[in-house]
Amino acid sequence: MFHSRDGSLSEAPVTRGATSEQTVAVTFSICGAGRRTDCVVDGDTFWFRGEKIRIADIDTPELSPPRCQREAELGEAAQRRLQALLNAGPFTLVAATRDQDQYGRKLRTVSRGGRSLGDVLVAEGLARRWNGPRQSWCGG
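Residues numbered from 1 in each chain as written. Predicted model: local features only at pLDDT ≥ 70, side-chain atom pairs only at ≥ 80, totals over all residues. Heavy atoms only, no water.

Peer 1: Would you explain the environment of leucine 121 in this entry?
Peer 2: Inspection of the secondary structure assignment puts leucine 121 in helix α2 (residues 117-123). The exposure class assigned to leucine 121 is buried, which follows from its relative accessible area of 0%. Taking the C-alpha atoms as reference, leucine 121 lies 7.7 Å from leucine 82; in sequence the two are 39 residues apart. Setting aside its immediate chain neighbours within four residues, leucine 121 contacts Gly43, Ile58, Ala78, Arg81, Leu82, Leu85, Leu126 and Ala127. (Helix = DSSP H or I, 4+ residues; strand = E, 2+ residues; numbered from the N terminus. Buried < 20%, exposed > 50% of the residue type's maximum accessible area, 1.4 Å probe, protein only. Contact = heavy atoms within 4.5 Å.)

Peer 1: What is the right way to look at the state of the cysteines in this model?
Peer 2: Each disulfide consists of one covalent bond between the sulfur atoms belonging to two cysteines. Taken as a whole and assessed by the stated rule, the structure comprises two disulfides. What pairs with cysteine 31 in a disulfide is cysteine 39, and their sulfur atoms sit 2.0 Å apart. Where cysteine 31 bonds to cysteine 39 through sulfur, the torsion about that S-S bond is close to 90°, and the disulfide is right-handed. Here the two residues cysteine 31 and cysteine 39 agree in accessibility, since each one is buried. The disulfide bridge from cysteine 68 ends at cysteine 138, spanning 2.2 Å between sulfur atoms. Across the disulfide from cysteine 68 to cysteine 138, rotation about the S-S bond amounts to roughly -100°, and the bridge is consequently left-handed. Pair noted here: cysteine 68 is in the loop between β8 (58-59) and α1 (69-87) and cysteine 138 is in the segment after β12 (128-129), with a separation of 70 residues, a long-range link. Classification of cysteine 68 as partly exposed rests on a relative accessible area of 23%. (Disulfide = S-S within 2.5 Å.)

Peer 1: Can you walk me through the packing of aromatic side chains in this structure?
Peer 2: By the definition in use, this model includes two aromatic pairs. A centroid spacing of 5.5 Å and a plane angle of 90° characterise the contact between phenylalanine 28 and phenylalanine 46, whose relative ring orientation is edge-to-face. Here the residue phenylalanine 28 occupies a position in the loop between β3 (21-24) and β4 (29-30), and phenylalanine 46 occupies one in strand β6 (residues 45-48), the gap between them amounting to 18 residues. The exposure class of phenylalanine 46 is buried, given its relative accessible area of 0%. Residues phenylalanine 28 and phenylalanine 91 carry aromatic rings whose centres are separated by 6.0 Å and whose planes lie at 45° to one another, so their mutual orientation is tilted. Taken together, the residues phenylalanine 28 in the loop between β3 and β4 and phenylalanine 91 in strand β9 (residues 91-100) connect sequence positions 63 residues apart. Among the residues examined, phenylalanine 91 registers a relative accessible area of 0% and is labelled buried. (Phe/Tyr/Trp six-rings, centres within 6.5 Å; stacked < 30°, edge-to-face > 60°.)

Printed below as a string of structure tokens:
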């Protein structure tokens, strides 16, 4: 069930264009082998109802494969934290300037109560603001 901004419930939200917004509440697991529907891949990517979503405003450490032990540890922490944030209640998905990236992932900002979940991860040291090229998580 989807919760609209006015609190009403609807069965199927419509997402069109860069200004589209939808508020949803779903229980997410950590992705494993097999079909992926509602699960977290890593700290900035998750599957929602069969669509792969990339959080548009952040970058988190890689898990597949991590480039060093520090990246692996931070990546696992970011993955678990994103899962907890997504599972904490209804959140809002807003399409980014581009609808999807070069890998076909939907680019969305994810927020709850007007605060970006990406901002939460950045404040906790588990993500960086997305500013283009990836930076190493392995440096000292």
